[in-house]
Structures are given as structure tokens and as C-alpha cells.
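Coordinates in review
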Amino acid sequence: MKILVLNGPNLSRLGKREPAIYGSETLCEIEERLKKTAAENGVELVCLQSEVEGEMVQMIHRHADFDGLILNAAAYTHTSVALRDAISAVGIEAVEVHISNIYKREEFRHHSYLSAVCVGGIFGLGSRGYDLALEYFLAKKKAE
Ligand code: DQA
């Protein structure tokens, strides 16, 4: 099983960025933890991050043969038809993750262009959301 973890703009600054909202863990620390869990379970995990919408679209295309996508598209969640179309175009099973509870925040964060093309989503549980998304795929693998 191969899983892509893709993070969008400004998530490279986790740890420094608004810690009251996003916590004190860095993206590197989160990715290391996910890679460890994946390795323990015989799963290939690739972690990518980009500040650029088009690059994220390309990253999804390049991993079209992967079994799953854990996606925190950050601000592009609320704006990007291109990312939504990329998920549909490759037909990858995607889980949408948000560290913060987007529904408790500004109204412009309440709408996601991506949710409708994702199998499900996790929001408001901090960085643990990524682990839970990975757990979803691990459980699927075990059930196969
Ligand atoms: C976020 C929520 C988005 O609204 C925001 O633009 C982000 C991070 C989250 O993980 O809580 O950059 O996706």
C-alpha cells in the first residue's frame, strides 16, 4: 500500500505559525511520526508540501497510482476547484485533514471545495488528525 501525505500553503511553518491554533509541532515532526507508523505497518508513505496550487495538482497527478491521499490543502481547501478536479481526475481515495476546527473559525473557512470528492474528513483534532487518517488506510489494508 502506498499513501501520499500532501500539505498545502503555510503548513511548512507549523510550530512557528499561530501555535494557539495549529499547535507547537513542526511539519517535520508530524511527518516523521507518520512515516514511523507507516513503516511499522509495511506501508510506503510519501510526504510532500507545497505553497503553490499548481504544484499540488502536479503532485497528485504524479501519485495517481497510490492507494490513498491524506490531504491538508490549507487555504486552497476554500478556493481550489483545480485541486478538487485533480482528486477526481486521478480517482485516488482522499481523506481531508484540518488541524483546526474550520467550522469554529471565520465563515470563509466553513466551505471546502474538496470534501465532496473525499471519502471523509477530520478537523479540529490537531495534528492527531493525520494519524487518524493514516489509521483509516491501515485498517483498510488489514481488512483486505
Ligand atoms: C487549515 C485550515 C485552513 O482554513 C487554513 O487556511 C490552513 C490550515 C488547518 O489545518 O486547520 O492553512 O487547513
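Just above sits the structure.
All values derive from a computational prediction rather than experimental measurement. (Residues numbered from 1 in each chain as written. Predicted model: local features only at pLDDT ≥ 70, side-chain atom pairs only at ≥ 80, totals over all residues. Heavy atoms only, no water.)

Okay, the overall build of the chain next. Assigned secondary structure in the chain consists of five helices and five strands. Reading the chain from its N terminus to its C terminus gives the helix and strand order β-α-α-β-α-β-α-β-β-α. For the chain, the C-alpha radius of gyration of 14 Å lies close to 15 Å, the compact-globule estimate for 144 residues. For the chain, the spread of C-alpha atoms along the three principal axes comes to 40 × 30 × 25 Å. (Helix = DSSP H or I, 4+ residues; strand = E, 2+ residues; numbered from the N terminus. Rg over C-alpha atoms; globule rule 2.2 N^0.38 Å.)

Here the focus is the state of the cysteines. If you walk through the whole model with that rule in mind, you get zero disulfides. The thiol of Cys47 is not disulfide-bonded; the next cysteine sulfur, from Cys28, is found 9.3 Å away. In this structure Cys118 is not part of a disulfide, and its nearest cysteine sulfur, from Cys47, lies 17 Å away. (Disulfide = S-S within 2.5 Å.)

This part covers the side chain of Ser112. Within the secondary structure, Ser112 is located in the loop between strand E4 (94-98) and strand E5 (120-123). Accessibility expressed as a relative area gives 9% for Ser112, which makes it buried. From its side chain, Ser112 meets the backbone nitrogen of Leu114 in a polar contact 3.0 Å long. (Buried < 20%, exposed > 50% of the residue type's maximum accessible area, 1.4 Å probe, protein only. Polar contact = N/O pair within 3.5 Å; in protein donor to acceptor, adjacent residues only side chain to side chain.)

Another point: the sheet that holds strand E3 (residues 68-72). One open sheet accounts for five strands, arranged E2-E1-E3-E4-E5; its pairing is parallel. Only two strands of the sheet have a single neighbouring strand rather than two, namely strand E2 (44-49) and E5. Across the sheet, the mean angle separating the axes of adjacent strands is 15° when strand polarity is ignored. Direction of pairing for strand E1 (residues 2-7) relative to E3: parallel, over a ladder of five bridges. Its bridge partner lying in E3, Ile3 is registered against Gly68. Sheet strands touched by helix H2 (residues 27-40): E1 and E2. Its angle to E2, the strand with the most contacts, is close to 165°. Relative to E3, helix H5 (residues 128-143) is tilted by about 165°, and along the sheet it contacts E1, E2, E3, E4 and E5. (Pairing = 2+ DSSP bridges. Axes fitted to C-alpha atoms, helices over the stretch in contact; angles between N-to-C directions. Contact = heavy atoms within 4.5 Å.)

What surrounds the ligand is the set Arg17, Tyr22, Asn72, Ala74, Ala75, His78, His98, Ile99, Ser100, Ile102 and Arg109. Between His98 and the ligand, the recorded distance is 2.8 Å, taken from a side-chain N or O atom to an oxygen atom. At 2.6 Å from an oxygen atom of the ligand is found a side-chain nitrogen or oxygen belonging to Ser100. For the ligand, the protein covers 99% of the area, taking 320 Å² as the surface of the free molecule. By residue class, the composition of the shell around the ligand is five nonpolar, four polar and two charged. (Near = heavy atom within 4 Å. Areas by Shrake-Rupley, 256 points an atom, 1.4 Å probe, with all protein chains shown as cover. Nonpolar A, V, L, I, M, F, W, Y, C, P; charged D, E, K, R; others polar.)

Our focus in this paragraph is the pattern of salt bridges. Tallied over the full model, the rule gives nine salt bridges. Between Arg17 and Glu18 there is a salt bridge; the shortest N-O distance is 3.8 Å. Taking the relative accessible area as the measure of exposure, Arg17 reaches 17% and is therefore buried. What emerges from the salt-bridge pattern is a single network uniting Glu25, Arg33, Arg128 and Asp131. (Salt bridge = Lys/Arg side-chain N within 4 Å of Asp/Glu carboxyl O.)

A word on the layout of surface pockets. In this structure, the largest pocket encloses a volume near 160 Å³. Arg17, Tyr22, Ala74, Ala75 and Arg109 are the residues nearest the centre of the largest pocket, which is lined by 16 residues in total. (1 Å grid on protein atoms, 1.4 Å probe; cavity = no way out; pocket = protein on both sides within 12 Å on 5 of 7 lines; lining within 4 Å. Points joined across faces, edges and corners; volume = space filled by probe spheres on them.)

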